[in-house]
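Close look at the chain arrangement
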Amino acid sequence: MIGAIKAEWFRRMPQATIYIATAGGTSDDAAEKLDLAPLAILEGGSSLTESYAGALAIRPDVVILMGADGIDGSYDPSFSVRNVALVDLLSRSGAEAYITGFSVSRDIHPMVTTIFDKLDESVAVNLRDPVSYARFADASECSAREVADVAFLLKPRESRSVTELEQWIEEQRSQGRTVIGLNFHPLLLELDRRTALQDLIQAMGEVVEGLLQTGDIAILLIDHDERGSSSDALCLRPLYEQLTSRFPNRLLYPDARLTASEIKALSSHLDGVISGRMHLMIASIGAATPTFGIDYKDKMEGLLQLCNLDCDNLTDARSVLADPGVFQERIVTWISDLDRQRRQVTAALPSVRESAMQNFAPAN
């Protein structure tokens, strides 16, 4: 998302300095690696007034709140309200303001609804799928529009790491195998269910083992997020260690950490992707690769609807835990239909990309 947003605004304003709000420290270092100027206005303990003053100090012409999963209050309503309020204040101070497409879970937090109801009318508010748009419209009087996620505009980037993985994929195909990417992570379990993480890893291990035993499937484990206690590696590493000795040639967990644009390039080389991450799902669909989702926060169905894709290609961690065998059967059925699904995804992409560009249109 950051890459796509940065690319579009550099295209529009090539001489502009693009700042990114940070909490200081390591986040400043991360910003600089992205060729963005860090603006440490979100440091721990800072008030909304202090953040607002820090943002005003650079006299911004445009302000963008990157939507994604962090706006509806489903993770932290205080974080959501603070960021929406900051955009509102900057808009009222003369900045052109946008909130890029975000998801809304089944129950948007009432604190968030209140702040949106009072939002300055000049802020462009974007929902990233039809389900989220319908939920938002039911909950708030704020004017908004349905778009596609801005990450659909990210350009893929081939690299040495991607080329090495592509070679492995082609080696598998030369032996008649279908090559599937797989991702899952701790956030698939709600906090009150997080103690079942080892059970989820075991269940997914049973599914992967069953798929690999067929002999005509190879699986590439894809790290998409490495943030602390929600890191994909907490699930993928133990699964790999559990099975690699039995399937050393058909199960791969790359050592290299890929960027978002490299992951999109990698997805284009796979036959299909099983994704527990929304933005890996977007990268795969954006690369015209069929995708099966492992849902969380009730957010993936809207993405499939947006792309006119089959919402049956969706499960959740609770269902996997309840019966890994049924999940495996669903994956086998999905794999048998990949060619048709690829044609379906390819046909949907032009309108999806056009919709994603609406993230950058001013408010009506």
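Residues numbered from 1 in each chain as written. Predicted model: local features only at pLDDT ≥ 70, side-chain atom pairs only at ≥ 80, totals over all residues. Heavy atoms only, no water.

1. Quick notes on the nonpolar core
- The biggest cluster of nonpolar side chains holds 66 residues, and the ones touching the most others in it are Phe152 and Phe184.
- Top element by residues in this core is helix α8 (residues 197–213). It accounts for 9 residues.
- Excluding anything up to four places from it in sequence, Phe152 contacts Lys264, Ile282, Ile285, Gly286, Leu303, Leu306, Cys307, Val352, Arg353 and Ala356. (Core = buried A, V, L, I, M, F, W, Y, C linked by side-chain atoms within 4.5 Å. Buried < 20%, exposed > 50% of the residue type's maximum accessible area, 1.4 Å probe, protein only. Helix = DSSP H or I, 4+ residues; strand = E, 2+ residues; numbered from the N terminus. Contact = heavy atoms within 4.5 Å.)

2. With respect to the sheet that holds strand β10 (residues 272–275)
- Spatial strand order, β9-β8-β7-β10-β11-β12: 6 strands in an open sheet with parallel pairing. Only two strands of the sheet have a single neighbouring strand rather than two, namely β9 (251–252) and β12 (314–316).
- Pairing geometry for strand β7 (residues 178–182) and strand β8 (residues 217–221), over 5 bridges, is parallel. Bridge assignment links Ile180 to a residue of β8, and that residue is Ile219. (Pairing = 2+ DSSP bridges.)

3. Digging into the packing of helix α4 (residues 77–92) against helix α5 (residues 110–117)
- The contact between α4 and α5 brings their axes to 9 Å, and the two run at 10°. By the angle between their directions, the pair α4 and α5 is classed as roughly parallel. Together, Pro77, Ser80, Val81, Val84 and Ala85 of α4 and Met111, Val112, Ile115 and Phe116 of α5 make up the contact between the two elements.
- Partitioned by chemical class, the residues of the contact of α4 with α5 number 8 nonpolar, 1 polar and no charged. (Axes fitted to C-alpha atoms, helices over the stretch in contact; angles between N-to-C directions. Parallel < 35°, antiparallel > 145°, perpendicular 65-115°, else oblique. Nonpolar A, V, L, I, M, F, W, Y, C, P; charged D, E, K, R; others polar.)

4. As for helix α11 (residues 278–286)
- In terms of burial, α11 is a largely internal element, 9 of the 9 residues being buried.
- Where α11 is concerned, the buried positions are Met278, His279, Leu280, Met281, Ile282, Ala283, Ser284, Ile285 and Gly286.
- Buried-residue contacts for α11 involve α10 (260–269), β10, β11 (291–295), α12 (300–306) and α15 (338–356).
- Backbone geometry just downstream of α11 places Ala288 in the positive-phi region, at approximately 65°.

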